[in-house]
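Structure assessment
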Amino acid sequence: MEIRELQAYANFFFTVFLVFLLYGYIIHLYRSEKKGERDYEQYANIALNDEITDAPVERNPKTLDKKEKGGKIDE
Amino acid sequence: MQSNAALEYDYSVVKLFTYTTILFGFLGMLIGTLIASQLAFPELNYLLGEYGTFSRLRPVHTNIVIYGFTLSGIWATFYYVGQRTLKVSIAESKFLTIMSKVHFWLYFVGALIGVVSLLLGFSASKEYAEFEWPIDVVVVLIWVIWGVTMFGLIGIRREKTLYISLWYYIACFLGIAMLYLFNNMEVPTYLVAGVGSVWHSVSMYSGTNDALVQWWFGHNAVAFAFTVPIIAIIYYFLPKESGQAVYSYKLSLLSFWGLMFVYLWAGSHHLLYATVPDWMQTMGSIFSIVLILPSWGSAINMLLTMKGEWNQLTDNPLIKFMVLASTFYMLSTLEGPIQAIKSVNAIAHFTDWIPGHVHDGVLGWVAFTIMSALFHMAPRAFKREIYSKSLMETQFWLQTTAVVLYFTSMWIAGITQGMMWRAVDEYGNLMYSFIDTVAVLRPYYTIRALAGLMYLTGFIIFTYNMYMTITASKKLEEEPQFRSPMA
Amino acid sequence: MFHWLEKNPFFFSVGVFVVIAFAGLIEILPNFAEASRPVLGLKPYTVLELAGKEVYKKDHCIACHSQLIRPFKSETDRYGMYSLSGEYAYDRPFLWGSKRTGPDLHRVGNYRTTDWHENHMWDPTSVVPQSIMPAYKHHFTNIADIDTAYAEAFTVKTVFSTPYDIEGGVKLGTLDEAKVAALAEAKVIAADMKNQNVKDAVTRGEIPEIVALIAYMHRLK
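The rules behind these values
- Along each chain, the written sequence defines residue order, and numbers are assigned to residues from 1.
- Numbering of ligands from 1 and lettering of chains from A proceed in the order in which they are written.
- Given that the model is predicted, a residue must reach a pLDDT of at least 70 before its local features are reported, and side-chain atom pairs must reach 80 or more before they are shown or counted; all residues, however, enter totals for whole chains, interfaces and linings.
- As a rule here, side-chain values cover all heavy atoms of the structure and leave hydrogens and water aside.
- pLDDT gives the predictor's per-residue confidence on a scale running from 0 to 100.
- Any two residues whose heavy atoms approach within 4.5 Å are treated as being in contact.
- Buried surface area refers to the total accessible area, computed with a probe of radius 1.4 Å, that the two partners give up upon joining, counted for both partners together.
- We count a salt bridge whenever a side-chain nitrogen from Lys or Arg sits within 4 Å of a carboxyl oxygen from Asp or Glu.
- We call two N or O atoms a polar contact when they sit within 3.5 Å, provided that within protein one can donate a hydrogen and the other can accept it, with sequence-adjacent residues counted only if both atoms are side-chain atoms.
- Helix numbers and strand numbers start at the N terminus; a helix is a DSSP run of H or I with at least 4 residues, a strand a run of E with at least 2.
- In this count, Pro and Cys sit with the nonpolar residues alongside Ala, Val, Leu, Ile, Met, Phe, Trp and Tyr, while Asp, Glu, Lys and Arg are called charged and the others, Gly among them, polar.
- Relative accessibility under 20% of the residue-type maximum defines a buried residue, over 50% an exposed one, and the middle range a partly exposed one, all with a 1.4 Å probe and only protein chains included.
- Positive: Lys, Arg. Negative: Asp, Glu. His and the chain ends are not part of the count.
- Where helices are involved, their axes are fitted lines through C-alpha atoms of the stretch in contact, as for all axes, and angles between N-to-C directions lie from 0 to 180°.
- Under this scheme an angle from 65 to 115 degrees is roughly perpendicular, one under 35 degrees roughly parallel, and one over 145 degrees roughly antiparallel; angles in between are oblique.
- By convention the crossing between two helices is left-handed if the near helix lies anticlockwise of the far one by an angle smaller than a right angle, and right-handed if it lies clockwise.
- Two aromatic rings from Phe, Tyr or Trp, using only the six-membered ring of Trp, form a pair when their centres are within 6.5 Å; if the ring planes differ by under 30 degrees the pair is stacked, by over 60 it is edge-to-face, and anything between is tilted.
- Should the NZ of a Lys or the CZ of an Arg lie within 6 Å of a ring centre and within 35 degrees of the ring normal, that charge is described as sitting over the ring.

1. Brief notes about the confidence of the model for chain A
- Taken residue by residue, chain A gives an average pLDDT of 78. The fraction at 70 or more is 81%.
- Low confidence marks residues 66–75 of chain A, where pLDDT is under 50. Its contacts with residues over four positions away, or in another chain, come to 11 contacts.

Have a look at this one:
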């Protein structure tokens, strides 16, 4: 097969694949919110409550001060 | 490690990058104003002997603005936003503290040497990639160090999820790394031949290939230096300054992926009607139009964040800066795709409409966003309130007028020249000689130079305001949460 | 799956990279071999022309001049035959430019003489009264860097197999041979010039930048 042709196929299918992923992502975003699994809008608060003493929206379990924090890991 | 009570965000590198943002901003705009004036008044070409001609100074201007002003602004905000949205202080890691300092100093020295090298004429002559290979090596090193500090900071984060701004910073890091490396692939001639200048190199690619790589780079350097990280900045600072959560966080995520995918395809719109394959040109055109969607997704998201709080626009000049910046972003992301339509491009390419387009983006969107971010950070980093609200207002109106003057004059100049180049008389002969189409532009060049001068004056006011904020303004007892205090 | 990506910075970065690298892979790489094929009869630059190209790059002429004639009647009438991909095969870097504050130069060698260039570079308004181009008087005193130009030719010959030293083509030879050849070329151009300093320099065996630049301009056809 000529390189041009290969190029065209690769381009077409990968683009379709990515479009597919993007729509899947949109569905994922709304569905997980509707089912109450994950509220994506809460992540906007990361910017608003960003003092170092503020409680994280979701605490990273691998963080340095794992031992000394009192809060629970929301996962 | 010690308890959280003693823990504070460490702004020392933020401060350093703030200084260089202002320094390079001033230099870049000063030279920009000078070269704009040279087109209107050619006598100004002889102020610095062979180092002062328009042609020698033009890359100095673009490189200082891109790699001086904008990069400094990006890094000043990165070290601020990065710490805060990850809820981790850089001071918690000795290694990262040292690396961030190394990052700054290597960058500062490298930038100075780079500027001098361009003044002396060491240029690879590829637009926005003019630095010769020794500087390129330093750039790569700086970039790697940034990667280390960024991913290092992410590695010790307390906040598990990365805020959208960080997504954009990461994309900026990866995008520029890839583009810069590939576009600057060059062979130093001294190392092969053993004679001649050590600085000199030849590009790995020739002719049309070089053009393709260059504009894949050139277009996307704009994407990943003037768009992506600036969106990162505004996604943090507008919500924070206004106290309003991002209108739709989901939309911001979708726009991100849309932008990432679409932007890269649009590069070949710089080569319409050139000797690159047709399908690539068409692809460039189509994707440029599609690009409106993710761009406007971000911009509208920003504007809607202010929903119900539009009164802040009247009483907080910082909000004014940021909202206007978002509006200019919408304007230039609409203008760009229009220019990428083939028939429009036939007229617009090679004319002053292109610098006009670049400048409503850079002056209106990039510089406004960066300046407002510096204003927002100053009370936090220096623990003093902003020196003067009225100076901010003055600066805002002066610079807004300047941007409008700039792009309107360049629109007219560009379209006039584009039309004159192709004008034919009734027998089909060209109506104008080239010089006719230059002479007719002189008034517009004068207006543009004036606009440059106004913008520069605004920047000097900004510099003064920042200087007084840092040194003489009223001290703050505690860090303000949302709105920046100002006198 | 999506949420996992959002929380794993490493895989997130990989994802971003794949998405942004895709366009480059498809658009640029596969076309490489084809686009770099020279048109028939195209010769590589001589050392003097390369030295002139260096001057062009050093003073950043591409800030105002393009070297790309688009396939429109208005452009071919003004500048000549539209540009072909293969004509740029030995251009490293390409110098198409992106702005025409001055006219296109891709075929300037067809219609401008040594004499015209000399007057124009010394004082553009003496030739084109309304010109806004700066004068480049320093080209008349600065000496062109022939060593570096030779190094460039040698590099492209060694690394990229640019066809120097073939029969009927451009001879490169050793550094000394190249210097002699460049000087001989320069003498032909200087003979048509009137600036005494330039003439004296060439007699002394030095080549001012202006001579190299004019050699390069003549080459653009």
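2. Overview of the interface of chain B and chain C
- The partner chain C presents 81 residues to the 95 residues of chain B that form the contact.
- In total, chain B and chain C occlude about 7600 Å² of area from one another, counting both sides; carbon and sulfur atoms represent 68% of this.
- Our count for the contact surface shared by chain B and chain C stands at two salt bridges.
- Taken together, chain B and chain C are joined by 23 residue pairs in polar contact (both at pLDDT 80 or more).
- Ranked by residue count, the leading element in the side of chain B that touches chain C is helix α7 (residues 207–242) of chain B, at 11 residues.
- Grouping the constituent residues of the side of chain B that touches chain C by class yields 56 nonpolar, 27 polar and 12 charged.

3. Considerations on helix α11 (residues 209–219) of chain C
All names here are of chain C.
- Burial runs high along α11: nine of the 11 residues are buried.
- Turning to α11, its buried residues number three or more, namely E209, I210, V211, A212, L213, I214, A215, Y216 and M217.
- Residues of α11 that are buried make contact with α4 (47–58), α6 (114–122), α9 (175–191) and α10 (196–204).

4. Thoughts on the side chain of R384 of chain B
Residues and elements named next belong to chain B.
- In this structure, R384 sits in the loop between α14 (353–381) and α15 (389–422).
- For the buried R384, no salt bridge exists, and the shortest N-O distance to an oppositely charged side chain is 9.6 Å, to E385.
- Here the side chain of R384 touches T471 through a polar contact of 3.5 Å, landing on its backbone oxygen.
- Only 2.7 Å separates the side chain of R384 from the backbone oxygen of S473, close enough to count as a polar contact.

5. Describing the packing of helix α8 (residues 249–263) of chain B against helix α10 (residues 292–305) of chain B
Residue and element names in this part refer to chain B.
- Where α8 meets α10, the closest approach of the two axes is 8 Å, and the angle between their N-to-C directions is 155°. By the angle between their axes, α8 is roughly antiparallel relative to α10. Of the two possible hands of crossing, α8 and α10 adopt the one that is left-handed. Facing L251, S252, S255, G258 and L259 of α8, the residues of α10 in contact are P294, S295, G297, S298 and N301.
- Of the residues belonging to the contact of α8 with α10, the class tally is three nonpolar, seven polar and no charged.

6. Here's the deal with the packing of aromatic side chains
- Overall, the coordinates contain 73 aromatic pairs over all chains when judged by the stated rule.
- Considering the side-chain rings of F17 of chain B and F104 of chain B, the 5.0 Å spacing of their centres and the 80° angle between planes classify their relative orientation as edge-to-face. Linking F17 of chain B in helix α1 (residues 12–40) with F104 of chain B in helix α3 (residues 94–119), this pair joins segments that are 87 residues apart in sequence. An identical accessibility class is assigned to F17 of chain B and F104 of chain B; each is buried.
- With centroids separated by 5.2 Å and ring planes inclined at 75°, the aromatic side chains of W167 of chain B and F256 of chain B adopt a geometry described as edge-to-face. On the criterion of sequence distance, the pair formed by W167 of chain B in helix α5 (residues 164–183) and F256 of chain B in helix α8 is long-range, its members being 89 residues apart. With respect to class, W167 of chain B is no different from F256 of chain B; both count as buried.
- Note that K342 of chain B overlies the ring of Y273 of chain B, its terminal NZ or CZ placed 5.4 Å from the centroid.
- The aromatic ring of W421 of chain B is capped on one face by R100 of chain C, whose charged end is 5.8 Å from the ring centroid.

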